[in-house]
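# Structure at a glance
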Amino acid sequence: MAGKRTAWRILTGGAALAAAGWALREVPAELGVRPLTSGPERAARMRRSPQFRDGVFVNTMPEQGHAMTTPPVSLIGELAKDKERRRPAGHVPLRFPPATPPPADGLRTVWYGHASTLVEIEGRRVLFDPVWSRRPSPAQFAGPRRHHPVPVELTELPQVDAIAISHDHYDHLDMATVRSLTRTQKAPFLVPLGIGAHLERWGVPAYRIVELDWEEEAEVAGLRFVAAAARHFSGRAFTRNDTLWGSWVVAGASKRVFYAGDSGYFSGYRGIGAAYGPFDLTLMPIGAYSPAWPDIHMNPEEAVNAHLDLGGELLLPVHWATFTLALHPWAEPVERLWREAKARDVKIVVPRPGEGVDTADAPPVDGWWETLS
């Protein structure tokens, strides 16, 4: 009998080790590549960047508070408390994205959740920071879980003309999504300096990677893409800031869009607006803020400030509702945004995930999240 128990322990222990090994098999690839070691051409470009100092990228604007590059240990314990307040009380309502072709001379957008957004500008489609995985994490058994499904599967996306990435954090750059889009789409990936090294490791052909420093630009499918500044940081493992972060300006013949990525508020938004605006649409992050890290995530009131600095016409909030990444209640970001927008006469739209929005006929805010908060 004792022998049978020992054999059973060995078998179950081996099975557990095998399962753990299987779950962790992709972690080395998820961590990406140190871009300075990925080739002399990329390394030389990085070293020439005004944002690159002493072997890492830096925010060239002065800090306004305490920049956080590693979450404090206490945050893990705090996240375990009052969890009910940091997730929706019911099912987040989803919508099916529009199936009609994009307007040839207009501007339409679909927010899929968190920061993942499709912008249809003058007949072309641009996909920002697509993340379709269940968790923004190097291992899918750990990390914050989605509060709602994605409205459509990746294979159901229309063909896009460009895929723009703001930085390499897991909730904005997802390996599984990148690999799928590499197979199912033909569009190039536009990324800040260094991120091309991650993409190459994940199988994206070099000819589909457009890597830019701040204020550099490229033309794709007749659209002008400008890599613009942001106040943030980067890193997929213990090494920080070996790739650049940023925001994106996308300009057509008459329509202009600004996507902020992740950023703390800084005065440079006025300069971006003066140089490349005004903007018909701004996609502004409003969630995952905290007084503990004011330099890397703006709060909703600061998002309104940045939108006005940019000369924005319509503000669509992103970076909320999908993942719990800070201690504030689930709906607090959008409630604060709506209140600030009304006080300052700023036009906003708050779609449900998957809902198409024509900026020329944006629906009024209806408070759909209120029953879930």
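See the structure above.
I will try to describe carefully the structure that is included in this document.

Cut-offs and rules
Residues numbered from 1 in each chain as written. Predicted model: local features only at pLDDT ≥ 70, side-chain atom pairs only at ≥ 80, totals over all residues. Heavy atoms only, no water. Buried < 20%, exposed > 50% of the residue type's maximum accessible area, 1.4 Å probe, protein only. Helix = DSSP H or I, 4+ residues; strand = E, 2+ residues; numbered from the N terminus. Pairing = 2+ DSSP bridges. Phe/Tyr/Trp six-rings, centres within 6.5 Å; stacked < 30°, edge-to-face > 60°. Core = buried A, V, L, I, M, F, W, Y, C linked by side-chain atoms within 4.5 Å. Contact = heavy atoms within 4.5 Å. Axes fitted to C-alpha atoms, helices over the stretch in contact; angles between N-to-C directions. Salt bridge = Lys/Arg side-chain N within 4 Å of Asp/Glu carboxyl O. Polar contact = N/O pair within 3.5 Å; in protein donor to acceptor, adjacent residues only side chain to side chain. Arc of directions from axis to C-beta.

Our focus in this paragraph is the pairing of strand 3 (residues 107-113). Across a regular strand the side chains alternate sides, sitting on one face of the sheet and then on the other. With seven of seven residues buried, strand 3 lies mostly within the body of the structure. Counted between consecutive antiparallel strands, the loop separating strand 3 from strand 4 (residues 116-121) contains two residues, among which His114 sits at a positive phi close to 50°. Pairing between strand 3 and strand 15 (residues 356-358): three bridges, direction antiparallel. Counted as the bridge partner of Val110 is Gly356 from strand 15.

Right, let's talk about the packing of aromatic side chains for a bit. In total, this model carries 13 aromatic pairs according to the counting rule given. Both rings, one in Phe225 and one in Trp248, keep their centres 6.5 Å apart while their planes meet at 80°; by these two values the pair is edge-to-face. Remark: Trp248 occurs in strand 11 (residues 247-251) and Phe225 occurs in strand 10 (residues 223-228); sequence separation between them is 23 residues. Taking the centre distance of 6.1 Å and the plane angle of 90° together, the rings of Phe258 and Tyr269 count as edge-to-face. Residue Phe258 is found in strand 12 (residues 256-259), and its partner Tyr269 is found in helix 7 (residues 268-276); the two are separated by 11 residues along the sequence.

Let's shift gears to the nonpolar core. In terms of nonpolar packing, the biggest core is built from 71 residues, with Phe258, Tyr269 and Trp320 touching the most fellow members. For this core, the element with the highest residue contribution is strand 10, accounting for five residues. Among all residues touching Phe258, those that are not within four sequence positions of it are Ala228, Ser247, Trp248, Val249, Tyr269, Ile272, Phe279, Leu281, Thr282, Leu283, Met284 and Leu310. One finds Leu118, Leu127, Val152 and Leu199 within the second-largest nonpolar core, a separate group that totals 25 residues.

The sheet built from six strands is open, its strands ordered 9-10-11-12-13-14 with mixed pairing. Either end of the sheet is taken by a strand with one partner, and the two such strands are strand 9 (217-220) and strand 14 (312-318). Pairs of neighbouring strands in the sheet enclose a mean axial angle of 20°, with direction left out of account. With four bridges joining them, strand 11 and strand 12 adopt antiparallel strand pairing. Residue pairing for strand 12: Val249 is matched across the bridge by Phe258.

Now for the sheet that holds strand 4. Pairing is mixed in the open sheet, where seven strands are placed in the order 8-7-6-5-4-3-15. Looking at which strands have only one partner, the edges of the open sheet turn out to be strand 8 (209-212) and strand 15. For this sheet, the mean inter-axis angle between neighbouring strands, taken without regard to orientation, is 20°. In this structure, strand 6 (residues 162-164) lies alongside strand 7 (residues 189-192), joined through two bridges in parallel fashion. Paired with Ala164 across the strands is Leu190, a residue of strand 7.

Okay, the pattern of salt bridges next. Counted by the stated rule, this structure contains 16 salt bridges. Salt-bridge contacts for Glu30 lead to Arg236; the nearest nitrogen and oxygen are separated by 3.2 Å. Of this pair, Glu30 sits in helix 2 (residues 27-30) while Arg236 sits in the loop between strand 10 and strand 11, and the two are 206 residues apart along the sequence. In this structure Arg236 comes out as buried when scored by relative accessible area, which is 6%. Across the salt bridge formed by Asp309 and Arg270, the nearest N and O atoms sit 3.9 Å from each other. Highlighted residues: Asp309 in helix 8 (residues 300-309) and Arg270 in helix 7, separated in sequence by 39 residues. One network of salt bridges, with partners in common, ties together Arg42, Glu200 and Glu211.

Mapped onto the elements of the fold, His172 is located in the loop between strand 6 and helix 5 (175-184). Along the chain, His172 and His114 lie 58 residues apart, while their C-alpha atoms are 8.8 Å from each other. Every residue in contact with His172, bar those within four places of it in the chain, is listed here: His114, Ala115, Asp129, Pro130, Val131, Ile165, Ser166, His167, Tyr259, Asp262 and His319. Only 2.6 Å separates the side chain of His172 from the side chain of Asp129, close enough to count as a polar contact.

Cis geometry is found at the peptide bond from Gly277 to Pro278, where omega equals -5°. In this fold, Pro278 is placed in the loop between helix 7 and strand 13 (279-285). Positioned with a positive phi, Asp54 is a non-glycine residue whose angle comes to about 55°. Within the element layout of this structure, Asp54 appears in the loop between strand 1 (52-53) and strand 2 (56-57). Despite not being glycine, Asp129 has its phi angle at roughly 40°, a positive value.

Attention now moves to helix 3 (residues 40-48). Turning to helix 3, its buried residues number three or more, namely Arg42, Ala43 and Met46. Seen from one end, helix 3 has its buried residues packed into an arc of 100°, which puts them on one side. Along helix 3, exposed side chains directed more than 90 degrees from the buried face belong to Pro40, Glu41 and Arg48. On its buried face, helix 3 sits against strand 1, strand 2, helix 6 (195-201) and strand 8.

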